[in-house]
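Notes for the structure review
Next come the chains, spelled out residue by residue.
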Amino acid sequence: MTHLRFRTLCFQLAMAFLAASCVSVAFADVRLPSVFSDHMVLQQQQKLRIWGWADPGESVNVRFGENSATAQPDESGRWQVELPAVDANATPQSLIVQGNNTVEVSDVLVGEVWLCSGQSNMEWTVARSSNADAEIAAANYPLIRHIAIPKTPEFRPRNDVPAQWQICSPETAGRFTACGYFMARELFQELNVPIGLVNSSWGGTRVEPWTPPVGFQRIDALQDIYQSIIGRTPGTDAYNSKLSAHIDATQSWIDDAKQSLRSGDVLTPNPTYPSDLTPFTSHQDPTMLFNGMIHPVLGFPIRGAIWYQGESNHGEGMLYTEKKKALIGGWRERWQQGDFPFYYVQIAPYQYGNEDPAILARFWEAQAAVQQAVDHTGMVVINDIATIGNIHPPGKQEVGKRLAMLALKNDYGRSELIANSPEFESLEIIGRQLKVVFNNTGGGLKTRDGKAPTHFEIIGPGSAGFQTATATIDGDAVLLTSDKVDTPVAFRFAWHKLAEPNLMGSTGLPVGTTRGGEVPAFVDTLPIGDGYEIVYDLDLSKLGEDIHYDVDNSDSIESFDRIGYLLELASVDGAERTLFVSMDAFTDEVEKIGVPTFASGAHFQCSVESLDIYSNVDGITTGTGLETGNIEFWPNNYGPSNDSKVKGASNQLYDTGDSPSTPVNGYGSMQVHNFGAKQTLFAINKWNAGNKADIGIGNSNGDTRDWTFTGNANSYDSKRLRVYVRTK
């Protein structure tokens, strides 16, 4: 009997537990994501997409104002409704969601909502901006609201994050995104409607982590990134195929291991888990911030997005344009709200260490190309409000105002505004003068300081590269001339990482970095035509123990006072590297100025005077009349000891100062250096090794600086040396 009672009691407890479990499942709380929370702003004049979670089978009713809709959760528990569009309303309302429980979101306004994203210059707060104390004290705008998405990298899409809307006040505004806040303030003052800011930004981040997979998928140039993503994503064909192959290999190893255990045979190590199957973990990896910081608000009705990012990608040139296409296209496709506006800020001039000054200029060009390639985008230029020593220009007020101008013109009916900076429109060659015409000038060009426009350069055949131009404003155009350029054919403007040009439109908006015209081949711009004659021409693919020049005019040369070397290298990837260096003659024996073979009798280790350097290779210090040149021409072996006391040379590294040794007919060195810059200008070593010779322009990487022991000659698709003299 006791046993029966115990069984009955157990049965009753089990049924009670089951009933409680069923109640828990059937009556679980309806839940909203944090972006739908007290003090929020909903986007006016768009269908209101609202979603959340409940148990499957539960009926969820959503009411806002006079509108309501009912939804059923799907198998995952997610539900979604769309309410009709409503007009802006500054009167607080409630959003009511009812299921087995009721959720009330209070103090809801309707107005204009903008997504704010990017890296540190978007994350930059009002409290860290110019005139911060006064700005914060005056930030009494209760109809401006802000929600900050926490820094959350995720490999898989995240549905929600903890976040809260805040009402703008002197107590809260200091923590708002400065770019977003100052834009919102301008819009509020112009439109007199509530403004909501969804701030999803993270300092130092690249563009790739903010981009969804579909963005990469749509861009041909980014297929390597897309394949890396799907190869790590469980369930894709690529992932399943790689994992199956690893499982098979591992199983085979296990079988071998069992056999080895029985037989005592040597066993090879087990297969390493493929690195391209491992999930991303860093916040800098592709898709990680889209999944963690954009996906939680994906689909929340917005007017558009503002973006300030690029510093972390600034060395990529035009590839960045493709990555921005992926970002914008991916967001638009996933948001399912059409081609919403996307406005972005061109990064500011900044030192970036010893980096080549043109790298940032090419990046600015890539940023500008986005607004030409992608509809409904616009770019803010800020080269007039930079802080060269600070990658975070604190004057975010003007940045926000310029972003607001783009929105006012394109999205809020202020068509009369000129919101874009002046842009290059056309180029006309008029004799020795270039006429560069701009649009969007607002009634003509001018300068901030009333002086002549700065940072213009022009180029033409024989001009020895780009030369600083004298610039004169002529209405919407700038006229360019230079005493050093007889026949100009192309120009560039603000083509330097530190460029803070003074040119602007009558609107006050600055002109951004640009260029135009057909730049001559680098070789055609060199001053070789000024009395120079070619002595030797050598296809370096024909290097060997005996040098046979393709052109040898040495017999016709009588006397000369300067010697020049032109080295042209083309890599297999198509990159062209060229250097022309000339100097006062270091010998009057023409047969000794070519490759210093044992047969030529050439052996020179000396300083050279009046060095002129021209190159298209990033990092080469160019200039004319330099007195810091030296050459190391010999057929000998040599060591790194700086026995000749070249200033700045190392005793341990092969560099600008080495020491010849025996055998005399040995390794061989043909090197020209600028020891003042600690640079090898060019080197051709070990020519008797043919396509395993050392050839390079600039300093080599690794254990040597003068290309010794690199054996890299076959890495060039073409390689050519020409030797010139200036005859007397």
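The notes below deal with the structure included here. (Residues numbered from 1 in each chain as written. Predicted model: local features only at pLDDT ≥ 70, side-chain atom pairs only at ≥ 80, totals over all residues. Heavy atoms only, no water.)

1. Quick word on the overall build of the chain
A count of helices and strands for the chain gives eleven helices and 37 strands. The globule rule puts the C-alpha radius of gyration for 728 residues at 27 Å, and the 34 Å found for the chain is more than 25% above it. Once the C-alpha set of the chain is aligned to its principal axes, its extents read approximately 120 × 90 × 40 Å. Counting every position in the chain, which comprises 728 residues, the buried fraction comes to 52%. A sequence separation of at least 24 residues applies to 69% of the contacts in the chain between residues at least 6 apart. (Helix = DSSP H or I, 4+ residues; strand = E, 2+ residues; numbered from the N terminus. Rg over C-alpha atoms; globule rule 2.2 N^0.38 Å. Buried < 20%, exposed > 50% of the residue type's maximum accessible area, 1.4 Å probe, protein only. Contact = heavy atoms within 4.5 Å.)

2. A few points about the layout of surface pockets
In this structure, the largest pocket encloses a volume near 1,400 Å³. Together, 37 residues line the largest pocket, and A358, F466, R492, S615 and N616 are the ones closest to its centre. Elements supplying a minimum of two residues to the lining of the largest pocket: α10 (357-373), β17 (456-459), β18 (467-468), β21 (490-493), β27 (576-584), β29 (611-615) and β30 (623-626). For the lining of the largest pocket, the residue count by class is 14 nonpolar, 13 polar and ten charged. Here the second largest pocket is characterised by a volume of approximately 310 Å³. For the lining of the second largest pocket, the leading source of residues is α10, giving four residues. By residue class, the composition of the lining of the second largest pocket is seven nonpolar, eight polar and three charged. (1 Å grid on protein atoms, 1.4 Å probe; cavity = no way out; pocket = protein on both sides within 12 Å on 5 of 7 lines; lining within 4 Å. Points joined across faces, edges and corners; volume = space filled by probe spheres on them. Nonpolar A, V, L, I, M, F, W, Y, C, P; charged D, E, K, R; others polar.)

3. A closer look at the nonpolar core
Ranked by internal contacts, the top residues of the largest apolar core, which has 110 residues, are F36, I50, W79, F300 and W331. Those residues within four positions of F300 in sequence are excluded, and the remaining contacts are V35, F36, M40, V41, L42, W51, V113, W165, V198, W335 and Q337. The next biggest cluster of nonpolar side chains, apart from the first, holds 44 residues, and it includes V535, F560, I613 and W687. (Core = buried A, V, L, I, M, F, W, Y, C linked by side-chain atoms within 4.5 Å.)

4. What to know about unusual backbone geometry
The amide bond that connects T662 to the next residue, P663, takes the cis arrangement and shows omega of 0 degrees. Looking at the secondary structure, you find P663 in the loop between β33 (659-661) and β34 (669-674). Of note, the phi angle at H376 is positive, near 55 degrees, even though the residue is not glycine. Phi at K678 is positive, roughly 55 degrees, even though this residue is not glycine.

5. Considering the sheet that holds strand β26 (residues 560-571)
The antiparallel open sheet is built from seven strands, whose spatial order is β25-β24-β37-β26-β27-β29-β30. The two strands at the open ends of the sheet, each matched to only one other strand, are β25 (551-552) and β30. Inspection of the sheet shows β26 paired to β27 by nine bridges, in the antiparallel sense. Counted as the bridge partner of L569 is R577 from β27. (Pairing = 2+ DSSP bridges.)

6. A word on α10
Given a rise of 1.5 Å per residue, 17 residues ought to cover 24 Å, and the 25 Å separating the end C-alpha atoms of α10 matches this to within 8%. Summarising the contacts, the buried residues of α10 are in contact with α9 (319-335), β12 (342-345), β13 (377-380) and β14 (423-430). (Expected span 1.5 Å × (residues − 1).)

7. What to know about the pattern of salt bridges
Taken as a whole, this structure holds 29 salt bridges when the rule is applied. R414 is the salt-bridge partner of E190, the closest N and O atoms lying 2.7 Å from each other. Taken as a pair, E190 in helix α4 (residues 178-191) and R414 in the loop between α11 (396-411) and β14 lie far apart in primary sequence, 224 residues in all. For E190, a relative accessible area of 43% gives the class partly exposed. (Salt bridge = Lys/Arg side-chain N within 4 Å of Asp/Glu carboxyl O.)

8. Considerations on the packing of aromatic side chains
How two aromatic rings sit relative to each other is set out by the distance from centre to centre and by the angle between their planes. Applying the stated criterion across every chain yields a total of 32 aromatic pairs. Ring plane angle 80 degrees and centroid distance 5.6 Å describe the contact between Y667 and F709, whose orientation is recorded as edge-to-face. Of this pair, Y667 sits in the loop between β33 and β34 while F709 is found in the loop between β36 (694-697) and β37 (716-727), placing the two residues 42 residues apart along the sequence. Judged by its relative accessible area of 54%, F709 is exposed. Each residue in the set W210, W307, W331, F342 and Y344 is aromatic and connected to the rest through ring pairs, giving one cluster. Over the ring of Y344 we find K324, and its NZ or CZ is 3.8 Å from the ring centre. Here the guanidinium or amino end of R332 rests over the ring plane of F340, the centre of that ring lying 5.9 Å away. (Phe/Tyr/Trp six-rings, centres within 6.5 Å; stacked < 30°, edge-to-face > 60°. Lys NZ or Arg CZ within 6 Å of the ring centre and 35° of its normal.)

9. Focus on the pairing of β26
For β26, the buried fraction is high: eleven of the twelve residues fall into the buried class. Where β26 lies against β37, eleven bridges are found, and the strand directions are antiparallel. In the strand pairing of β37, F560 is matched with T727. Adjacent in sequence and paired antiparallel, β26 and β27 are bridged by four residues, among which G574 carries a positive phi angle near 95 degrees.

10. Points about the side chain of S260
Secondary-structure assignment places S260 in helix α7 (residues 237-263). Classification of S260 by relative accessible area gives buried; the value is 13%. Those residues within four positions of S260 in sequence are excluded, and the remaining contacts are D265, V266 and L267.

11. Focus: the environment of L626
Tracing the backbone through its elements, the reader meets L626 in strand β30. Counting along the chain gives 14 residues from L626 to D612, while the straight-line C-alpha distance between them is 6.5 Å. The contact partners of L626, leaving out residues within four places of it in the chain, are E609, S610, L611, I613 and N674.

Read these as layout, nothing more, since geometry by itself doesn't imply function.
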